[in-house]
Amino acid sequence: MIVADFVDLRSDTVTRPTAGMREAMATAEVGDDVYGEDPTVAALEAEVAARFGHEAALFAPSGSMANQIALQLVVPPAEELLCDADAHVVTYEIGAAAAYGGISSRTWPAVGAEIDPDVVAGMVRPDGYFAVPTRAIAVEQTHNRGGGGVIPLATLRELRRVADEHGLALHCDGARIWHAHVADEVPLADYGALFDTMSVCLSKGLGAPVGSLVLGSAEKIERARWIRKRMGGGMRQVGILAAAGRYALAHHVERLAEDHAKAARLAEAVAPYGVLATPVRTNVVPLDLTKHPLDAKALAAAARAAGVLISVLGPRTARLVTHLDVDDAAVDRAGELLAGILRA
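**Q** Which residues make up the pattern of salt bridges, and what are the values?
**A** What the rule picks out here adds up to 21 salt bridges. In this structure, the salt-bridge partner of Arg 228 is Asp 33, at a minimum N-O distance of 3.4 Å. Highlighted residues: Arg 228 in helix α10 (residues 218–230) and Asp 33 in the loop between α1 (19–26) and α2 (39–52), separated in sequence by 195 residues. A residue is classified by how much of its surface remains accessible, and Arg 228, at 4% relative accessible area, is buried. Salt bridges here are not isolated pairs; linked through shared partners, they connect Glu 47, Arg 51 and Arg 246.

Put into structure tokens, the structure is as follows:
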């Protein structure tokens, strides 16, 4: 299906490589990465690890695989992960933690970025009494189903304290951590210092066509290579894709502030109709249609007919996402069209 004539606000994963990115991909030096011989992949892994202050990183073909590799590093089979009920790792990864890692998951109520560390601490199960012991806590930064919310650094530090007190690992699904970095001006290394493992995505917001990285200690990443191969993620001359990631890191991180400003304009356009679910912090505009005559499917259908694509997340829940392929004129046009539909 060709959607080139639409204003596509479904996700920041729909972007196409820029001319400069395509040039970087075309001229990338490559080798066989399964043999550890792709220099562009090695450079990307070293760069990302250094940005977050971690010892090592591993390039993976998707964010879901990166998350699942990381979870297997910190939670043994038949033991427990704690996370948000709306977390990507248990909502959009099709039961992979259980299927691949034999991991049992338990969730706190969905609160987006507004996590209460005391609630999480109260859920921890110790060894013994035939209960499933908790081994790790996972958080999502920014929080997708939480409307692109940014977990405050103070909250993350408290969660690190909880993890340390109970001998747990702390994992970050950092698919959009770049947005949190730009929105709150928290250095990436400050985030990195808090987590035992991380996944960070290059195709959400940064505009690369594919790819995420797992971050951790050198020992963990050496094991991660075995897990990636077991999951079918061993790749060959993948420096072509790693080059896109390196270009994105060099050119597309600070510009995320532009996407945040565009999302704020969309939020302002729809806010008068009582459908804005939460305040907009980053590039995600969450819509709650509980009190509106239109449900999410009806809104999406009317928007598509008008030339705007949006995501349906539930019967009364929808989402708009800004990105580098939607310019100011397209955002303003989409805002006017959506306001007209919601007003009718």
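On we go from here.
**Q** Go over the packing of helix α8 (residues 177–184) against helix α12 (residues 256–270), please, and point to the residues and values.
**A** Between α8 and α12, the shortest axis-to-axis distance is 9 Å and the interhelical angle comes to 80°. Classed by the angle they form, the pair α8 and α12 counts as roughly perpendicular. Across from Trp 178, His 179, Val 182 and Ala 183 in α8, the residues of α12 making contact are Leu 256, Ala 257 and His 260. Broken down by class, the residue content of the contact of α8 with α12 amounts to 5 nonpolar, 2 polar and no charged.

**Q** Got a sec to walk through the nonpolar core? Specific residues and values, please.
**A** Grouped together as the largest cluster of nonpolar side chains are 53 residues, with contacts concentrated most on Phe 52, Phe 59, Val 139, Trp 178, Val 200, Leu 202 and Leu 213. Apart from the residues lying within four places of it in its own chain, the contact partners of Leu 213 are Leu 44, Glu 45, Val 48, Ala 57, Leu 58, Phe 59, Ala 66, Met 198, Ser 199, Val 200 and Leu 202.

**Q** Lay out α8 in plain terms, naming residues and giving numbers.
**A** A large share of α8 lies buried, amounting to 6 of its 8 residues. Among all positions of α8, only Ile 177, Trp 178, His 179, Ala 180, His 181 and Val 182 are buried. Considering only its buried residues, α8 is in contact with α2, β6 (169–174), α9 (188–192), β7 (197–201), α11 (239–251) and α12.

**Q** Run through unusual backbone geometry, naming residues and quoting values.
**A** Residue Gln 141 is joined to Thr 142 through a cis peptide bond whose omega torsion reads -5°. Along the chain, Thr 142 falls in the loop between β5 (134–140) and α7 (153–166). In this model, Phe 130 sits at a positive phi of 60°, which is unusual for a non-glycine residue. Mapping Phe 130 onto the fold places it in the loop between α6 (117–123) and β5. With a phi close to 55°, Glu 185 is a non-glycine residue in the positive phi region.

**Q** Now, about empty space enclosed by the protein: what can you tell me, with residues and values included?
**A** If you walk through the whole model with that rule in mind, you get 1 cavity of 30 Å³ or more. By volume, the largest cavity is sized at about 40 Å³. Cys 83, Asp 84, Ala 87, Trp 108, Gly 112, Ile 115, Ala 138, Val 139, Glu 140, His 143 and Ile 151 are the residues that line the largest cavity. Elements represented by at least two residues in the lining of the largest cavity include exactly β3 (80–84) and β5.

**Q** Describe in detail the side chain of Thr 322, supporting the description with residues and values.
**A** With respect to the helices and strands, the residue Thr 322 is situated in the loop between β12 (317–321) and α14 (328–343). Within the structure, Thr 322 has its side chain in polar contact with the backbone oxygen of Asp 259 (distance 2.7 Å). When sequence neighbours within four positions are dropped, the list of residues in contact with Thr 322 reads Asp 12, Asp 259, Lys 262, Ala 263, Leu 266, Asn 283 and Val 331.

**Q** Describe the sheet that holds β3, with residues and values.
**A** The sheet built from 7 strands is open, its strands ordered β2-β8-β7-β6-β5-β3-β4 with mixed pairing. Where the open sheet ends on each side, the last strands, each with one partner, are β2 (56–60) and β4 (104–108). Geometrically, the sheet is characterised by an average inter-axis angle of 20° between neighbouring strands, direction not taken into account. Sheet topology places β5 next to β6; 5 bridges connect them, and they run parallel. Residue pairing in the sheet places Glu 140 in a bridge with Asp 173 of β6.

**Q** Describe the environment of Thr 142, with residues and values.
**A** Since its relative accessible area comes to 3%, Thr 142 is described here as buried. Spatially, the C-alpha atom of Thr 142 lies 22 Å from that of Val 270, the residues being 128 residues apart in sequence. With near-sequence residues (within four places) excluded, Thr 142 lies in contact with Gly 148, Gly 149, Val 150, Arg 176, Ile 177, His 179, Ala 180 and Thr 282.

**Q** Any details on the sheet that holds strand β9 (residues 284–288)? Residues and values, ideally.
**A** Judged by pairing direction, the sheet is antiparallel, and its 3 strands sit side by side in the order β9-β12-β11 without closing on themselves. Among the strands making up the open sheet, the edge pair consists of β9 and β11 (311–314). Here the strands of the sheet are splayed against their neighbours by 30° on average, with no regard to which way each runs. In this structure, β9 lies alongside β12, joined through 5 bridges in antiparallel fashion. Bridging from a neighbouring strand, Leu 287 pairs with Ala 318 of β12. Where α12 meets the sheet, it contacts β9 and β12, and its direction lies at approximately 20° from that of β9.

Scoring rules and cut-offs
- Residues numbered from 1 in each chain as written.
- Predicted model: local features only at pLDDT ≥ 70, side-chain atom pairs only at ≥ 80, totals over all residues.
- Heavy atoms only, no water.
- Salt bridge = Lys/Arg side-chain N within 4 Å of Asp/Glu carboxyl O.
- Helix = DSSP H or I, 4+ residues; strand = E, 2+ residues; numbered from the N terminus.
- Buried < 20%, exposed > 50% of the residue type's maximum accessible area, 1.4 Å probe, protein only.
- Axes fitted to C-alpha atoms, helices over the stretch in contact; angles between N-to-C directions.
- Parallel < 35°, antiparallel > 145°, perpendicular 65-115°, else oblique.
- Contact = heavy atoms within 4.5 Å.
- Nonpolar A, V, L, I, M, F, W, Y, C, P; charged D, E, K, R; others polar.
- Core = buried A, V, L, I, M, F, W, Y, C linked by side-chain atoms within 4.5 Å.
- 1 Å grid on protein atoms, 1.4 Å probe; cavity = no way out; pocket = protein on both sides within 12 Å on 5 of 7 lines; lining within 4 Å.
- Points joined across faces, edges and corners; volume = space filled by probe spheres on them.
- Polar contact = N/O pair within 3.5 Å; in protein donor to acceptor, adjacent residues only side chain to side chain.
- Pairing = 2+ DSSP bridges.

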